[in-house]
Amino acid sequence: MDGDGRTAPYDDGALLTIGAFARASRLSPKALRLYDELGLLPPAHVDPHSGYRHYAPAQLERARLVAWLRRLGMPLARIREVCELAPDAAAVAVAAYWARVEADTAARRDLAAFLVDQLERKNTAMTTPHTPLTMRYAALTDQGLVRPAHQDAAHAGPRLLAVADGYGPEGGPAAKAAIEALNGLEDQDLTAVDLLGALEEAARRAHRAAPAADEATGSTLTALLRSGAQLALLHIGDSRAYVLRDSGLFQITHDHSLVQSLIDEGRLSPEEAASHPQRAQLLRSLDAATEFAPDLQLLEARPGERYLLCTDGLTGVLPAAAIQQVLTAADDPDQAVHELIRLAREAGAPDNVGCAVGEVTGG
């Protein structure tokens, strides 16, 4: 054993310095230090006095496999699992991972199409005939089958859709207050230019009014505010907004959660995130102890589109395909929200559920 408890079956003369090993493996010293910290590629020997790392030549094969898998974009947690498998099982795992990558690539291709469509709409908005738009809408919440308290809130109106998911000892009041802070926007005759500013200021008031408590308490908030064909979207937390168009269902928000940040960094897969012990930890929210930092964007609406805003009590139990099927088949928003809640309860509803659906119509 080394002084730090690591096994060192090689003589120092047979070991490579971290610089030599980095050149041979085509991994940077920085990457090697990270992989050591994660237990993915620990050095064969660490000097107990200087802390300098040395690697065995036999570790080059594993290091090169790690480098190849990283080039594929495989998350570090998955790489650790693959490296521990026998060659045949590792081959199966790599093939399964790549099948998932191809599916994700297809989803991103659809998202790219959505973004292209949004940008093209901005160019054509001034040249197309003006068609007055209205919105059919419905909102519904449910306590679920496990939670002892109901901390979700939702609103749907002709101009505003919003959902909020409270947490902590005052989570229910926090979510309700977040929605109430926006309700006055329904009665304001806002122009497209005013939308984002008005929505952000209302949410900022909700953030300032978030209740203080000994334990962390606050709420997520996702809201859409409409003026004609313009939609202002405000989002903070891990509730979500989706739009259903002819080309499919698109998630138009990005979760502000710890597990999503780990997915973005390649340290966690979406499958692993679903069971991660810290999956409920938020990086941004309406919380008196945190900075107010929502995502804001403008969208161009068209007749026939359906927008869904929902808390993670829905997305945690229903896959996107099931949500798309409901939004496509429902006769109206009211049927859609009731069907989504019903399916969440059938799936066990371990969390509160809140959703709001708006359908853009012409005339």
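All of these numbers come straight from a predicted model, not from anything done at the bench. (Residues numbered from 1 in each chain as written. Predicted model: local features only at pLDDT ≥ 70, side-chain atom pairs only at ≥ 80, totals over all residues. Heavy atoms only, no water.)

A word on the side chain of arginine 226
Of note, arginine 226 is situated in strand β8 (residues 221–227). The side chain of arginine 226 is buried and forms no salt bridge, while glutamate 186, the nearest opposite charge, is found at 7.6 Å. Polar side-chain contacts of arginine 226 include one of 3.1 Å to the backbone oxygen of leucine 133. Within polar-contact distance, the side chain of arginine 226 engages the backbone oxygen of glycine 228 at 3.1 Å. The residues touching arginine 226, leaving out its near neighbours within four places in the chain, are Leu133, Thr134, Met135, Pro158, Arg159, Leu195 and Leu231. (Helix = DSSP H or I, 4+ residues; strand = E, 2+ residues; numbered from the N terminus. Buried < 20%, exposed > 50% of the residue type's maximum accessible area, 1.4 Å probe, protein only. Lys, Arg positive; Asp, Glu negative; His and termini not counted. Salt bridge = Lys/Arg side-chain N within 4 Å of Asp/Glu carboxyl O. Polar contact = N/O pair within 3.5 Å; in protein donor to acceptor, adjacent residues only side chain to side chain. Contact = heavy atoms within 4.5 Å.)

Comments concerning the sheet that holds strand β13 (residues 306–310)
Spatial strand order, β4-β14-β13-β10-β11: five strands in an open sheet with antiparallel pairing. The open sheet is flanked by β4 (133–142) and β11 (248–251), the only strands paired with a single partner. Each strand of the sheet is rotated relative to its neighbour by a mean of 15 degrees, with strand direction disregarded. In terms of strand pairing, β4 meets strand β14 (residues 353–362) through 10 bridges, oriented antiparallel. Looking at the pairing, leucine 140 lines up with cysteine 355 of β14. On top of the sheet, helix α11 (residues 320–329) reaches β10 (240–245), β11, β13 and β14; it is set at about 120 degrees to β11, its chief contact. The strands that helix α12 (residues 333–346) touches are β4, β13 and β14; relative to β4, the one it contacts most, it runs at about 25 degrees. (Pairing = 2+ DSSP bridges. Axes fitted to C-alpha atoms, helices over the stretch in contact; angles between N-to-C directions.)

Looking at the side chain of threonine 311
With respect to the helices and strands, the residue threonine 311 is situated in the loop between β13 and α10 (312–315). Here threonine 311 falls in the buried class, since its relative accessible area comes to 0%. Once residues within four sequence positions are removed from consideration, threonine 311 is found in contact with Asp152, Val163, Ala164, Asp165, Ser239, Asn352, Val353 and Gly354.

What about the pattern of salt bridges?
In the structure shown here, the tally under the stated rule is 13 salt bridges. Between arginine 136 and glutamate 359 there is a salt bridge, with the nearest N and O atoms lying 2.8 Å from each other. Of this pair, arginine 136 sits in strand β4 while glutamate 359 sits in strand β14, and the two are 223 residues apart along the sequence. On the accessibility criterion, glutamate 359 (11% relative accessible area) is buried. Where arginine 208 meets glutamate 201, a salt bridge forms, and the shortest distance between an N and an O atom there is 3.5 Å. By relative accessible area, arginine 208 is classed as exposed at 55%. With relative accessibility at 33%, the residue glutamate 201 sits in the partly exposed group. Put simply, Arg136, Arg306 and Glu359 are held in one network by salt bridges that share partners.

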